[in-house]
Amino acid sequence: MKKAKYIFLSIITFGIFNVLTKKKAKKLAVNVNDELVVCKTTNVDVNQLVEDLGGISNIVKVDYTISTFKVTVINPNKVNNEIKDKYGFKGTIKSKKVITYLSGDDSQTIATAINNLIKK
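Everything numeric in this text was worked out from a predicted model, so none of it was measured.

What counts as what
- Sequence order as written defines residue numbering, which begins from 1 separately in each chain.
- Reporting of local features is limited, given that this is a predicted model, to residues whose pLDDT is at least 70; pairs of side-chain atoms are given and counted only at 80 or more, and all residues count toward the totals for whole chains, interfaces and linings.
- Just so you know, side-chain values use all the structure's heavy atoms and leave hydrogens and water out.
- The residues that make up patches have over 30% relative accessible area and no salt bridge, and they are joined within 9 Å when like-charged or within 5 Å when they are Val, Leu, Ile, Met, Phe, Trp or Tyr.
- The protein chains shown are the only cover counted for residues, whose accessible areas, like all others here, come from Shrake-Rupley with a 1.4 Å probe.
- Salt bridge criterion: a side-chain nitrogen from Lys or Arg within 4 Å of a carboxyl oxygen from Asp or Glu.
- In DSSP terms, a helix is any run of H or I states spanning at least four residues, a strand is any run of E spanning at least two, and both are numbered starting from the N terminus.
- Between any two strands, pairing holds if DSSP finds at least two bridges.
- Axis lines are fitted to C-alpha atoms, over the contacting stretch for helices. Their N-to-C directions set the angle, which ranges from 0 to 180 degrees.

Undergrad: Just to check I follow, could you spell out a nonpolar patch on the surface for this structure?
TA: Where nonpolar side chains cluster on the molecular surface, the patch consists of Phe8, Leu9, Ile12, Ile16 and Leu20 and spans about 500 Å² of accessible area. Position of Phe8 relative to the elements: it lies in helix H1 (residues 2–30).

Undergrad: Whenever I open this one, the environment of Ala113 confuses me. Can you help?
TA: Turning to its location among the elements, Ala113 is positioned in helix H4 (residues 107–119). Residues Ala113 and Val46 lie 67 residues apart in sequence; the distance between their C-alpha atoms is 6.9 Å.

Undergrad: Would you take a moment to explain the sheet that holds strand S1 (residues 59–64) for this structure?
TA: The pairing of strands in a sheet comes from backbone hydrogen bonds and takes either a parallel or an antiparallel form. Reading across from one edge, S1-S2-S4-S3 is the order of the 4 strands in this open sheet, with antiparallel pairing throughout. The open sheet has two edge strands with one neighbour each: S1 and strand S3 (91–94). Mean inter-strand twist for the sheet, computed between neighbouring axes without regard to direction, equals 20 degrees. Of the strand pairs in this sheet, strand S2 (residues 68–73) and strand S4 (residues 98–102) are connected by 5 bridges, and their pairing is antiparallel.

Now the structure itself:
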């Protein structure tokens with residue numbers, strides 16, 4: 001009889017524990033972060049960066065993702081090869097006319113500033 005009582009109490013205890021953890025998990029699962037955190041300021045001098053990219057006339061467009069920005073240029077030979085080290089970017093990927101810089105969470109700020117300069 002003692003063994004049956006022990007088994008019954010164990011089942012009840014684990015059942016209550018299971019119900020409580022499921023409730024807590026549901027509360028945590030409801031919390032959703034809808035906001036993308038991006039850096040609103042940058043330490044990069046955008047005017048100097050544009051000059052290192054060959055000037056406004058050499059830049060066709062600039063696109064960005066959460067951590068990179070892609071610059072499409074007319075003449076890739078005009079682009080300064082030391083941009084990565086000069087501005088502290090984490091990496092560079094070059095194709096024929098598109099150069100991708102891994103800049104971190106301020107990529108949107110940099111790309112928007114360059115695009116604003118192109119539109120002027």
